[in-house]
Amino acid sequence: MPEEPKCACGSANVAIFTCAGAVNIGQLSNRIAIKLEKQGIGNLMCTAGIGARAPGLMKSAETSDRIITIDGCPLNCASKTLELAGFKPDRQIVISEFGIKKSKERGLEDQEVADTLRKVMEILQSK
């Protein structure tokens, strides 16, 4: 039986926040987070809710053992939103650093998602 993917996050109580922006790499960051959640790596949470200071989401972030942000590009919207709300992400991943060009095309190819997920997992499995 193949071994389940592991995260070097050190906890089961991991919050994942994405930029989910209106371009390809924003949509890709969100798709990757959904896949990470399905694999049990962490829980996808609402970045916009943190920006709005929604009490329930703020409490969820506060009680998380670790916070991962997945930003699409160097604008770092997810990470900055968390930081402005008083949270410091434990791990930040920027999708554009994988060589994916930012574009207004929001359709994602399955292979692109799979390749990006593999790269994200390599980062999360490293210390």
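Scroll up to find the structure this text is about.
Keep in mind that what you see is a predicted model, and the values were worked out from it rather than measured.

Participant: Would you mind showing me how to read the pairing of strand S1 (residues 14-18) here?
Facilitator: Side chains on a regular strand alternate between the two faces of the sheet. Of all five residues making up S1, five are buried, and the element is well covered by its neighbours. Neither face of S1 is open: one carries Val14, Ile16 and Thr18, the other Ala15 and Phe17, and all of them are buried. Note that S1 and strand S3 (residues 66-71) share five bridges and pair parallel. Bridged to threonine 18 within S3 is isoleucine 70.

Participant: Whenever I open this one, the state of the cysteines confuses me. Can you help?
Facilitator: Under the criterion given, the structure shown has zero disulfides. Here cysteine 19 stays free of any disulfide, with the sulfur of cysteine 77 as its closest cysteine sulfur at 6.5 Å. Its relative accessible area of 25% is what places cysteine 19 among the partly exposed residues. We note that cysteine 77 lacks a disulfide partner, and the nearest cysteine sulfur, in cysteine 73, lies 6.0 Å from it. Judged by relative accessible area, cysteine 77 falls into the partly exposed class, the value being 44%.

Participant: How should I be thinking about the sheet that holds S1 in this particular structure?
Facilitator: Hydrogen bonds between backbone atoms are what pair the strands of a sheet, whose relative direction is either parallel or antiparallel. One open sheet accounts for four strands, arranged S2-S1-S3-S4; its pairing is parallel. The open sheet has two free edges, formed respectively by strand S2 (43-45) and strand S4 (91-94), since each of these has just one partner strand. Strand-to-strand twist across the sheet, computed as the mean angle between neighbouring axes with direction ignored, equals 25°. Docked against the sheet, helix H4 (residues 77-84) engages S1, S3 and S4, running at close to 140° with respect to S3.

Conventions we followed
- Residues numbered from 1 in each chain as written.
- Predicted model: local features only at pLDDT ≥ 70, side-chain atom pairs only at ≥ 80, totals over all residues.
- Heavy atoms only, no water.
- Buried < 20%, exposed > 50% of the residue type's maximum accessible area, 1.4 Å probe, protein only.
- Helix = DSSP H or I, 4+ residues; strand = E, 2+ residues; numbered from the N terminus.
- Pairing = 2+ DSSP bridges.
- Disulfide = S-S within 2.5 Å.
- Axes fitted to C-alpha atoms, helices over the stretch in contact; angles between N-to-C directions.
- Contact = heavy atoms within 4.5 Å.

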